[in-house]
Amino acid sequence: MLHWGPEVLSRELDHPYIDEHNIAGRFVSGDLTGDELILFERHYVDCPECRDRVALAQMFRSEASHHTEAVPVPLGLFNVLATFTPRQQTLIFAISTLLLLLMPVVAITWLGNRALTPKPESEPVIWLPATGVVEAHVPSDAPWVSIATSVPDPKGIYRISIVDVADRPVITGADQTASSGTAIALRLPTLPPNASFAIVEKKSENGAYTVVSRHSLIINWR
């Protein structure tokens, strides 16, 4: 505790010292004694800012006391805040208020961006029946197109290929065994404009391919 002589007591406390040493908080709690108490009592009577400091410290002390009685937690929110100077407490309140005001704006912006984000369309699948012509409607902006079919032998090796009107290979699919449901598929980034037929072939033990089915393709882009 500081002990000053009469020549020191004749001067007044300044606000940096009051804030740094939490004079207002100690005054409210009864911990301010001696020369500091005398100087502060003389000062805050004529200082609106320090009266606000005292009022704010009293509010924190009252709230801390109320919450301590309701919930016996040694370091509650108000107890922690009471350890800050009035200037720091004011800054904390200002930042908290700003965050509370910004939260709805951020939430609305986020929801608006989600609403404006286009949902990706499902990938179109052209299903090849056992025989016959295949007519399919495919979105013109579809990123991928799949051609799928079922096969009779789930243990066999098959492939799906695309040929033009002259039976020249346009796209030759990879060898594959049937997946669940005895189906195979050919996935393409897009169908070439000269795709006229889809053929399903089975690979024999000697490596040769036998055509299982052949389908004319009629694609309607939309």
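Scroll up to find the structure this text is about.
To start, this report covers the structure provided alongside it. It should be emphasised that the depicted structure is a prediction, and the values quoted were computed from it without experimental measurement. (Residues numbered from 1 in each chain as written. Predicted model: local features only at pLDDT ≥ 70, side-chain atom pairs only at ≥ 80, totals over all residues. Heavy atoms only, no water.)

### A word on the nonpolar core
Among the nonpolar cores identified, the biggest contains 21 residues, and Ile126, Leu128, Ile147, Ile160 and Ile162 are the most heavily contacted of them. In this view, Ile162 contacts Ile147, Arg168, Pro169, Val170, Ile171, Leu186, Ala195, Phe197, Ala198 and Leu217; residues no more than four positions away in its chain are not counted. Formed by twelve residues, the second largest nonpolar core is a distinct cluster that contains Leu13, Tyr17, Phe40 and Cys50. (Core = buried A, V, L, I, M, F, W, Y, C linked by side-chain atoms within 4.5 Å. Buried < 20%, exposed > 50% of the residue type's maximum accessible area, 1.4 Å probe, protein only. Contact = heavy atoms within 4.5 Å.)

### Some thoughts on the pairing of strand S4 (residues 157-163)
Each regular strand displays side chains that alternate between the two surfaces of the sheet. When you tally the buried positions in S4, you get six out of seven residues, the bulk of the element. In this sheet, strand S8 (residues 197-203) lies alongside S4 in antiparallel orientation, the contact comprising seven bridges. Its bridge partner being in S8, Ile157 is matched across the sheet by Lys203. Here S4 pairs with strand S5 (residues 169-172) via three bridges, running antiparallel. Bridging across to S5, Val163 finds its partner in Pro169. In this structure, the hairpin formed by S4 and S5 is closed by a connection of five residues, where Asp167 is found at a positive phi of approximately 65°. (Helix = DSSP H or I, 4+ residues; strand = E, 2+ residues; numbered from the N terminus. Pairing = 2+ DSSP bridges.)

### Section: unusual backbone geometry
Leaving glycine out, the prevailing phi sign among residues is negative, and the prevailing peptide bond configuration is trans. Phi angles above zero are rare outside glycine, and Asn22 is one such case at about 50°. Inspection of the secondary structure assignment puts Asn22 in the loop between helix H2 (15-20) and helix H3 (23-29). Here the phi dihedral of Asp167 falls at roughly 65°; this positive angle occurs in a residue that is not glycine. If you trace the backbone, Asp167 turns up in the loop between S4 and S5. Accessibility expressed as a relative area gives 43% for Asp167, which makes it partly exposed.

### A short note on the pattern of salt bridges
Within this structure, the stated rule accounts for eight salt bridges. Arg168 is the partner of Asp164 in a salt bridge, and the nearest nitrogen-oxygen pair spans 2.9 Å. Residue Arg168 is classed as exposed on the basis of its relative accessible area, which comes to 52%. For Arg214, the salt bridge is made with Asp167, and the minimal N-O distance between the two is 2.5 Å. Pair noted here: Arg214 is in strand S9 (residues 209-221) and Asp167 is in the loop between S4 and S5, with a separation of 47 residues, a long-range link. The network of salt bridges with common partners includes Asp19, Glu49 and Arg53. (Salt bridge = Lys/Arg side-chain N within 4 Å of Asp/Glu carboxyl O.)

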